[in-house]
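Structural overview
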Amino acid sequence: SDYLADQTGDSASESDGELSNIRSTEDVDEGFDEVPLPPTLPEVSEESLQEAWPLGDTSFSIFLCPITCCVMTDPVVGADGYTYERQAIARWFE
């Protein structure tokens, strides 16, 4: 027996399993202001970043991509839970 059909009194054949009250994508932006992009930061050498990092060399590795071993500027989290540089992981899957 179809649980939802039993609860609402509707039969599965009437709805075909589709949601009829989903808003269209045109309605999504109504009432919301556009979020501005963050400011572009100047490029800084890895050595300068390591000098400024207060927690020591061992914890600085959280900023390094495991593929490129460079400081990430566009990090993304993969399905495996690790963080990668976007371009590096995209190239890896090509």
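For the structure itself, consult the block above.
Residues numbered from 1 in each chain as written. Predicted model: local features only at pLDDT ≥ 70, side-chain atom pairs only at ≥ 80, totals over all residues. Heavy atoms only, no water.

**With respect to the packing of aromatic side chains**
One pass over the structure, following the stated rule, counts three aromatic pairs. Ring centres 6.5 Å apart and planes at 70° place the aromatic pair Trp-53 and Phe-60 in the edge-to-face group. Look at Trp-53 and you get partly exposed, because its relative accessible area is 24%. The interplanar angle of 90° and the centroid separation of 4.9 Å between the aromatic rings of Trp-53 and Phe-63 together place this pair among those described as edge-to-face. Highlighted residues: Trp-53 in the loop between helix 3 (46–52) and helix 4 (57–60) and Phe-63 in the loop between helix 4 and strand 1 (75–77), separated in sequence by 10 residues. You can call Phe-63 partly exposed: its relative accessible area is 32%. (Phe/Tyr/Trp six-rings, centres within 6.5 Å; stacked < 30°, edge-to-face > 60°. Buried < 20%, exposed > 50% of the residue type's maximum accessible area, 1.4 Å probe, protein only. Helix = DSSP H or I, 4+ residues; strand = E, 2+ residues; numbered from the N terminus.)

**Observations regarding the pattern of salt bridges**
All chains considered together, the criterion is met by one salt bridge. For Asp-74, the salt bridge goes to Arg-86, with nearest N and O atoms at 2.9 Å. On the criterion of sequence distance, the pair formed by Asp-74 in the loop between helix 4 and strand 1 and Arg-86 in helix 5 (residues 86–93) is long-range, its members being 12 residues apart. Looking at Asp-74, the relative accessible area reads 31%, which means it is partly exposed. (Salt bridge = Lys/Arg side-chain N within 4 Å of Asp/Glu carboxyl O.)

**Regarding a nonpolar patch on the surface**
On the surface, Ile-67, Trp-92 and Phe-93 cluster together to form a nonpolar patch covering roughly 390 Å² of accessible area. Within the secondary structure, Ile-67 is located in the loop between helix 4 and strand 1. The class for Ile-67 is partly exposed, based on a relative accessible area of 32%. (Patch = residues over 30% accessible without salt bridge, like charges linked within 9 Å, V, L, I, M, F, W, Y side chains within 5 Å. Areas by Shrake-Rupley, 256 points an atom, 1.4 Å probe, with all protein chains shown as cover.)

**Comments concerning the state of the cysteines**
Covalent bonding between the sulfur atoms of two cysteines defines a disulfide. In the structure shown here, the tally under the stated rule is zero disulfides. Of all cysteine sulfurs in the structure, the one in Cys-70 sits closest to Cys-69, which takes part in no disulfide; the separation is 7.1 Å. Taking the relative accessible area as the measure of exposure, Cys-69 reaches 53% and is therefore exposed. The exposure class assigned to Cys-70 is partly exposed, which follows from its relative accessible area of 42%. (Disulfide = S-S within 2.5 Å.)

Honestly, it's all geometry; don't read function into it.
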